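The residues making up each chain are set out below.
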Amino acid sequence: MNASTPLPEETDPIAQAAAEWMLRHDRGLTAAEQDEFSQWLAADPRHPVAWAEHRWGWEELDRLAGLQSSVHAMPDPDLLAPERTAVRSPRWLWSALAAAAAVAVGLFVWRAPVPTASPASEPPPIHSLALIEQRTLPDGSVIELNRGAVVTEHFTAGERRVRLERGEAHFQVAKDAARPFFVEAGGVAVRAVGTAFNVRLDSASVEVLVTEGKVSVAAASVPGAEPVIPLMGKNERTVVSFAPAAPAPQVTVVPPAEIEARLAWQPRLLDFTNVPLAEIVAEFNRRNPVRLVLADEALRSLRLSATFRSDNVEGFVRLMESDFRMQLARRGDEIVLSRAP
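The following refers to the structure shown. Only a predicted model underlies this, so the values are computations on that prediction, with no experimental measurement involved.

1. Section: the overall build of the chain
Argument step 1. Looking only at helices and strands, the chain has eleven helices and 19 strands in total.
Argument step 2. Taking as baseline every contact in the chain between residues at least 6 positions apart, the subset at least 24 positions apart corresponds to 54%.
Argument step 3. With an accessible surface of roughly 17,400 Å², the chain has 56% of that area assigned to carbon and sulfur atoms.

Here is the structure:
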């Protein structure tokens, strides 16, 4: 490229503005910046498109952390595949426009990855069964959505409110004493200022588990009502039952080992040094709905030094396929690894 040739964002003020907003979102927006951002999105129909493209690119870069390994490192095939980087389908574009339009009016809807419908002869992609969705809210708070979870979010000048419509999510709340943070689920409202907690909604109850700081639990349908539980602290858990005449919820202390087991679905960086393959497979299986199976007994003792994100099952099995000459076979949600002939 000629050194005097300007980069696209040097000649496109909209793209440059979108890039600047992306950087500001990454470090967290203040309430005033959130209002300014919403006004910028609504000012021109080209703004949501530019924002969606920059956010897509930023999130793809984030995925580089999904596969880090030792001398056997291989690029994440899903990240570097030509069809992902060179061509984006019209359906993707319309989805991005719809999401950006929702941002403009202050309402966001996020869904964790769930298996998409595929022909019977073609099982869902591995990454769609395993990857965990993580989102940063306008205020810098972070939500991790367990597979299949759905949340909606609405911020105002006086409060931050998220509704868990289905499933399970973990919330890392940015501190803002002037704007309390509420999570509503099944008629239960969890209030926090700067803390971290997990909420799981099912047909029978709502479970709240605090992993950092303090929260209160109240009835979401009665604004200003006295909290059912005025204060819950770190490593404490409560379950609010939907059953008629159910007893008042109780707060219990949860041992660290149990918290680790309950939150095993959250992505972690798994660092293995000279570890048998059987142990690595067991760790992936403990944290994912995709099950890895070693078809050959000799593979169990194969030792590996590598670092992976716990939900990057696809990166792991592709590494086994390319560097260790294994072959893969899909059986529903199982992936069978065996030695290539």
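Still to come is the rest of the account.
2. Quick notes on the sheet that holds strand β16 (residues 291–294)
Argument step 1. Taken together, the three strands give an open sheet; going across it, the order is β16-β19-β18, and neighbouring strands pair in mixed fashion. A strand with exactly one partner marks an edge of an open sheet, and here the two such strands are β16 and β18 (326–331). In this sheet, adjacent strand axes meet at a mean angle of 25 degrees when their direction is disregarded.
Argument step 2. Note: β16 against strand β19 (residues 334–339), four bridges, orientation parallel.

3. What about the packing of helix α10 (residues 277–287) against helix α11 (residues 313–323)?
Argument step 1. Between α10 and α11, the least distance of the axes is 11 Å, while the angle of their chain directions is 155 degrees. In terms of their interaxial angle, α10 and α11 are classed as roughly antiparallel. For the element pair α10 and α11, the recorded crossing hand is left-handed. Residues Leu277, Ile280, Val281 and Phe284 of α10 touch α11, and the partners they reach there are Val313, Phe316 and Met320.
Argument step 2. Of the residues in the contact of α10 with α11, the class split is seven nonpolar, no polar and no charged.

4. A look at the pairing of strand β8 (residues 188–192)
Argument step 1. For β8, the buried fraction is high: four of the five residues fall into the buried class.
Argument step 2. Relative to β8, strand β7 (residues 181–185) is paired through five bridges, and the arrangement is antiparallel. Each residue of the ladder has a partner; that of Phe182, found in β8, is Arg191.
Argument step 3. Hairpin remark: β7 followed by β8, antiparallel, with two residues in the connecting loop; positive phi at Gly186, about 55 degrees.
Argument step 4. The pairing of β8 with strand β11 (residues 215–219) spans four bridges and is classified as antiparallel. From the neighbouring strand, Val188 faces β11, where its bridge partner is Ala219.

5. Section: the pattern of salt bridges
Side chains that differ in charge, positive against negative, can pair when their charged atoms come close.
Argument step 1. For the coordinates displayed, the defined rule picks out 20 salt bridges.
Argument step 2. Here Glu184 and Arg163 are joined by a salt bridge, their closest N and O atoms 3.0 Å apart. Of this pair, Glu184 sits in strand β7 while Arg163 is found in strand β6 (residues 160–172), placing the two residues 21 residues apart along the sequence.
Argument step 3. By relative accessible area, Glu184 is classed as buried at 8%.
Argument step 4. Overall, the relative accessible area of 39% leaves Arg163 in the partly exposed class.
Argument step 5. Glu321 serves as the salt-bridge partner of Arg318, at 3.3 Å between the closest nitrogen and oxygen. Of the two residues, Arg318 and Glu321 are both situated in helix α11; the distance of three residues between them amounts to about one turn of the helix.
Argument step 6. Through salt bridges with shared partners, a single ionic network connects Arg200, Asp202, Glu207, Arg237, Glu258 and Arg262.

Cut-off values and rules
What you see as residue numbers is a count from 1 along each chain, following the sequence as written. A pLDDT threshold of at least 70 governs which residues receive local features in this predicted model, and a stricter bar of 80 or more applies before side-chain atom pairs are shown or counted, although totals over entire chains, interfaces and linings include all residues. No hydrogens and no water enter the side-chain calculation; it runs on all heavy atoms of the structure. In this description a helix means any DSSP run of H or I spanning at least four residues, a strand means any run of E spanning at least two, and both kinds are numbered starting from the N terminus. Here, two residues are considered to be in contact whenever any of their heavy atoms come within 4.5 Å of each other. Residue exposure ignores everything except the shown protein chains as possible cover, and the areas themselves are Shrake-Rupley values with a 1.4 Å probe. DSSP-based pairing: two strands are paired if at least 2 bridges between them are found. Throughout, an axis means a line fitted to C-alpha atoms (over the contacting stretch in the case of helices), and angles, computed between N-to-C directions, take values from 0 to 180 degrees. For classification purposes, angles smaller than 35 degrees are called roughly parallel, those larger than 145 roughly antiparallel, those between 65 and 115 roughly perpendicular, and all remaining angles oblique. A clockwise turn of the near helix away from the far one marks a right-handed crossing, whereas an anticlockwise turn of less than a right angle marks a left-handed crossing. Polarity classes work like this: nonpolar for Ala, Val, Leu, Ile, Met, Phe, Trp, Tyr, Cys and Pro, charged for Asp, Glu, Lys and Arg, and polar for all others, with Gly in that last group. Relative accessible area decides the class of each residue, using a 1.4 Å probe on protein chains only: under 20% of the type maximum gives buried, over 50% gives exposed, and in between gives partly exposed. Salt bridge, as applied in this entry: a Lys or Arg side-chain nitrogen positioned within 4 Å of an Asp or Glu carboxyl oxygen.

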